[in-house]
Each structure stands twice: as structure tokens, then as C-alpha cells.
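Residue-level structure breakdown
Here is what each chain is made of, one letter per residue.
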Amino acid sequence: MPPVRPTPCPPSRMIDILNLTYDELEAWMTDALGEPRFRARQVWQWLWQKNARSFDAMTNVSKATRARLAESARITWPEVRTVKTSSDGTVKFLLALADGALVETVLIPSESREGKVRMTQCLSCQVGCAMGCTFCSTGSMGFERNMTMAEILGQVLVAREHLGDDRPDHPIVRNLVFMGMGEPLLNLNEVMRSLRTLNDEFGLCFSPRRITVSTCGIEKGLRELGESGLAFLAVSLHAPNQELRARIMPRAARWTLDDLMAALESYPLKTRERITFEYLLLGGVNDSIDHARELARLVSRTKAKLNLIVYNPAEGLPYEAPSQARILAFEQYLWSKNVTAIIRKSKGQDIKAACGQLKASELAGQAAGDDMAEGTDGMEAP
């Protein structure tokens, strides 16, 4: 029986093929296009392992099948608007999505035991963020919308192309962290779909041990993430008590710190797995020895480790980085209480690498340009 030939779709109604999970792709290709199942596997590998931007690039797929795909589907990558590279090797991308929305993704370099440079990629999952944390540039922008799986994973494709990273068995991008723009658990469905595609051995082929999902503390979805086993968990804590957390993270603090910790005490962990707590050190706000004492008591309730992050100052926000002496004293106190605490070196300060900074700069520039245009509107030439 000859394959079914679909009616060509107008561009606005074409399927975004990157937004299909493998099961969805297989069902669509067999049911709508009349293709055998193995074709879906071929297409899937072209999309996620060979970075194909067009159906014509899929050379082991028949021309007839490629034509049918092109009539009904599109491959849409985020558009690279700006790329900035730091003196320390950090690379930050400002990406435009199909509707013009702007998001950021960052590549953070490290050196492997063999002396090779490997990258950790920080992914965004929402355009903006609804949480409104007072120290975050993204939070100051407000929330626009959730990102789709295609848009989330499109960031990985863009980064791999930029790096020439085309060897799934020895990738340059080794680790992924959902710590960019947005709160992952408020976009749970698309984040979970993304994680399944990331874990697929014929897709992006990331081990769950190389993926971390960070949340500031959202009750709904926390247990589902843990039971899926698709990623490690990081919790953006940033305060050792409810009062301070409510002041600097007002919306996250609606789920009280005590209730959050109680949920984390029963969070499902794999062998040797620990919850990572992210703690942003804000000068004169949460960086005293008293704060360290409270923090040690708090995290000792769980099997955990602490990442201490030195604040990267952002324009328009009322915080500054603590002194080196206070940073070291804070860390040393935690170690004295048998709390594993690691100071995470701040990178990319010269390229506005902290979450939301590059987008904020871009929007500010656009606003300045609009103001200049309005100011000259109707003026006569001299």
C-alpha cells in the first residue's frame, strides 16, 4: 500500500517537529504520513544527534519521505541574537524564539581530568519568571509565558552547533542545569517532556546524573520530578529562615521553609545522590556567621550539599557581593559543622552572565532607542 500523501499545510499550521517526543513522532509519521516505524527513528536521530536544520539534510531518508515531511512540518531553532564570550571562557547567548520572545542560555567551562575543556549549559524554561525574587534580573522582568520542549531543547542544539559539538559519544557539553530564566516546576509538563528526550539514547543521550533541575521551592511537581529519576534536584534556598526568605523571595516563601524542608526529607534519592542547595551570598543580607549557624541546622535535616554562590551585581538591584573575608568565614563555619559547602566560582561577570542580565541590557537598549525615536518624531531638518 503506497504511503499516504498529506495535504500541504500552511506555515502557520505546520507541526513543529522538534516539539514531538519520540512516541509522538512515531505515531504522527505512521498515522498521518503512512511511514514505517523505522523512519521515525531515522528522523529522530537527524534532529537530535546530527543537528539537522532541514529535512533535505536527512540523506538516508527517501526523497519522497523528505518531501512529505517538508509539506507538513518545520524544524525551528531559536535565532541567535547575541553571543558574548567572557575572558574566562563563559559564553552567553541571547536567543529569539519564533514569536520574538527573548531568552538566555549560558555555557560555563570547566576542565576534565584529562585536561579537556567541558561545558555545563544553563537552560531557560520560561520567558521571564513569575517568582519575583528581589536579587534576580529575570524576576524583575515579570512573566511572559512558558517555553515549549522544542524551545527548551533548541538551546542545546544552538550551543552544540556553536561549539562544533557533533560527537554524542564524547560531547563537549557534558552537563545541563535548569537554572536559567524561569521556574522549572511551574512549567512541569514541558520540562518533563524535555527530560525524557534528553535521556533518550537515540536522542540527546544525557544521563540523568548529568542533568540538574533547580527550583526555588514549588510544592506541586516536586514529588513527580523525584519519582521520575530523570534528573538531580537543586533547591534555591538563599535564606536560612522564613522571615528573611519572605523578604528576598516573597513568592517562593508562600510555601513555608519548614514545609519545604519536610518535603525534602522524604524526597526520593538514588544511591549516593544528595540534594543540592543553592545559597546566594548577598553582602550584609544573608552572609553572617549567625546566618551560617541557622543554615547548618536547616540543611542537616536532609542528605545534602551546599553550593555557595557569590552575588554577581546587577544594575538596578539593591545588593552587592560580600567581602572575601565574609565569604571564607561563612564557608569555614559550615565545614566546621560537617556541612559540605563549596564556593561556586562566579564566571562571566564581564559579559553580564547572571540570569536575565543580558536580556535586561538588550531591552534597556531597545527602550532607549524607542525614546530617541519618539523624541525626534516630527522634528524638521535644520
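Here, the structure is the one placed above.
The structure contained in this document is the topic of the report that follows. (Residues numbered from 1 in each chain as written. Predicted model: local features only at pLDDT ≥ 70, side-chain atom pairs only at ≥ 80, totals over all residues. Heavy atoms only, no water.)

**So, the environment of threonine 76**
Put simply, the rule is: Strands are runs of DSSP state E lasting at least two residues, helices are runs of H or I lasting at least four, and both sets are numbered from the N terminus onward. For each residue, the accessible area found with a 1.4 Å probe, counting protein chains only, is set against the maximum for its type, and the residue is called buried under 20%, exposed over 50%, and partly exposed in between. In this analysis, two residues are considered to be in contact whenever any of their non-hydrogen atoms come within 4.5 Å of each other. We define a polar contact as two N or O atoms separated by no more than 3.5 Å, with the added condition that, inside protein, one atom must be a possible hydrogen donor and the other a possible acceptor, whereas residues neighbouring each other in sequence contribute only through side-chain atom pairs.
With respect to the helices, strands and loops of the structure, threonine 76 is situated in the loop between strand S2 (73-74) and strand S3 (79-85). Given a relative accessible area of 25%, threonine 76 falls into the partly exposed group. For the pair threonine 76 and leucine 97, spaced 21 residues apart in the sequence, the C-alpha separation amounts to 8.8 Å. Sequence-distant contacts of threonine 76, defined by excluding residues within four places in its chain, comprise Asp16, Leu18 and Ala98. Among the polar contacts made by the side chain of threonine 76, one reaches the side chain of arginine 74 at a distance of 2.8 Å.

**A few points about a positive patch on the surface**
Going by this rule: Like-charged residues within 9 Å of one another, or nonpolar side chains (Val, Leu, Ile, Met, Phe, Trp, Tyr) within 5 Å, are grouped into patches, provided each residue has over 30% relative accessible area and no salt bridge. Surface accessibility in these figures is a Shrake-Rupley result with a 1.4 Å probe; residues are shielded only by whichever protein chains are displayed. Between Lys or Arg on one side and Asp or Glu on the other, a salt bridge is scored when a side-chain nitrogen of the former is within 4 Å of a carboxyl oxygen of the latter. A residue counts as positive if it is Lys or Arg and as negative if it is Asp or Glu; His and the chain ends are not included. Every charge is mapped onto a representative atom, which is NZ of Lys, CZ of Arg, CG of Asp or CD of Glu.
Together, Arg209, Lys270, Arg272, Arg274 and Lys303 line one region of the surface with positive charge. Here arginine 209 shows up in the loop between helix H6 (188-199) and strand S10 (211-215). Given a relative accessible area of 43%, arginine 209 falls into the partly exposed group.

**Section: the pairing of strand S5 (residues 102-111)**
Selection rule: Any two strands between which DSSP finds at least two bridges are classified as paired.
For S5, the buried fraction is high: seven of the ten residues fall into the buried class. Of the strand pairs in this sheet, strand S4 (residues 91-96) and S5 are connected by six bridges, and their pairing is antiparallel. Directly across from lysine 92, in S5, lies its bridge partner valine 106. Adjacent in sequence and paired antiparallel, S4 and S5 are bridged by five residues, among which glycine 100 carries a positive phi angle near 90°. Across six bridges, S5 lies against strand S6 (residues 117-122) in antiparallel orientation. Within S6, the residue paired with valine 106 across the bridge is cysteine 122. What sits between the antiparallel neighbours S5 and S6 is a turn of five residues, in which glycine 115 has the positive phi angle 85°.

**What about H6?**
Selection rule: Helix span, expected: 1.5 Å multiplied by one less than the number of residues in the helix.
In this model, H6 (twelve residues) spans 16 Å end to end at C-alpha, consistent with the 16 Å of a helix rising 1.5 Å per residue. Within H6, nine of the twelve residues are buried, which leaves the element mostly enclosed by the surrounding structure. Along H6, the residues that are buried comprise Leu188, Glu190, Val191, Met192, Arg193, Ser194, Leu195, Thr197 and Leu198.

**Considering helix H9 (residues 257-265)**
Think of an α-helix as 3.6 residues a turn; residues three or four steps apart then line up on the same face. This is how the line gets drawn: To be clear, the arc concerns the directions from the helix axis to the C-beta atoms.
All buried positions along H9 are accounted for by Leu257, Leu260, Met261 and Leu264. One side of H9 holds all its buried residues, which, seen down the axis, span an arc of 95°. On the buried face of H9, the contacting elements are helix H7 (222-228), strand S11 (232-236), helix H8 (242-248), strand S12 (275-281) and helix H10 (289-299).

**Here's the deal with the packing of aromatic side chains**
We describe a pair of aromatic rings using the distance from one ring centre to the other and the angle between the two ring planes. For clarity, the threshold we go by: Here the aromatic set is Phe, Tyr and Trp, taking the six-membered ring for Trp, and pairing holds for ring centres within 6.5 Å; pairs whose planes are under 30 degrees apart are stacked, those over 60 apart are edge-to-face, and all others are tilted.
Counted according to the given criterion, the structure contains four aromatic pairs. Taken together, a centroid distance of 5.5 Å and an interplanar angle of 80° make the contact between tyrosine 22 and tryptophan 44 edge-to-face. Here tyrosine 22, found in helix H1 (residues 22-31), pairs with tryptophan 44, found in helix H2 (residues 37-48); they are 22 residues apart in sequence, far enough to count as distant. Judged by relative accessible area, tyrosine 22 falls into the buried class, the value being 12%. The exposure class of tryptophan 44 is buried, given its relative accessible area of 1%. Measuring from ring centre to ring centre gives 5.4 Å for tyrosine 279 and phenylalanine 330, while their planes differ by 25°; the resulting arrangement is stacked.

**Section: the nonpolar core**
As a reminder of what qualifies: Think of a nonpolar core as a cluster: buried Ala, Val, Leu, Ile, Met, Phe, Trp, Tyr and Cys residues, connected wherever their side-chain atoms sit within 4.5 Å.
Grouped together as the largest cluster of nonpolar side chains are 108 residues, with contacts concentrated most on Ile17, Phe135, Phe178, Leu195 and Phe277. With eight residues, helix H5 (residues 149-163) is the largest single contributor of residues to this core.

**Focus: the pattern of salt bridges**
Within this structure, the stated rule accounts for 16 salt bridges. For lysine 92, the salt bridge is made with glutamate 104, and the minimal N-O distance between the two is 2.7 Å. Of this pair, lysine 92 sits in strand S4 while glutamate 104 sits in strand S5, and the two are twelve residues apart along the sequence. In this pair, the class of lysine 92 matches that of glutamate 104, namely buried. Between aspartate 287 and arginine 326 there is a salt bridge, with its nearest N and O atoms 2.9 Å apart. Of this pair, aspartate 287 sits in the loop between S12 and H10 while arginine 326 sits in helix H11 (residues 324-336), placing them 39 residues apart in sequence.

**Notes on the state of the cysteines**
Heads up, the rule is: By disulfide we mean two sulfur atoms from cysteines, separated by a distance within 2.5 Å.
Within this structure, the stated rule accounts for zero disulfides. No disulfide involves cysteine 133; its sulfur sits 5.2 Å from that of cysteine 216, the nearest cysteine. Overall, cysteine 133 belongs to the buried group, its relative accessible area being 12%. Cysteine 216 gets classed as buried once you look at its relative accessible area, which sits at 6%.

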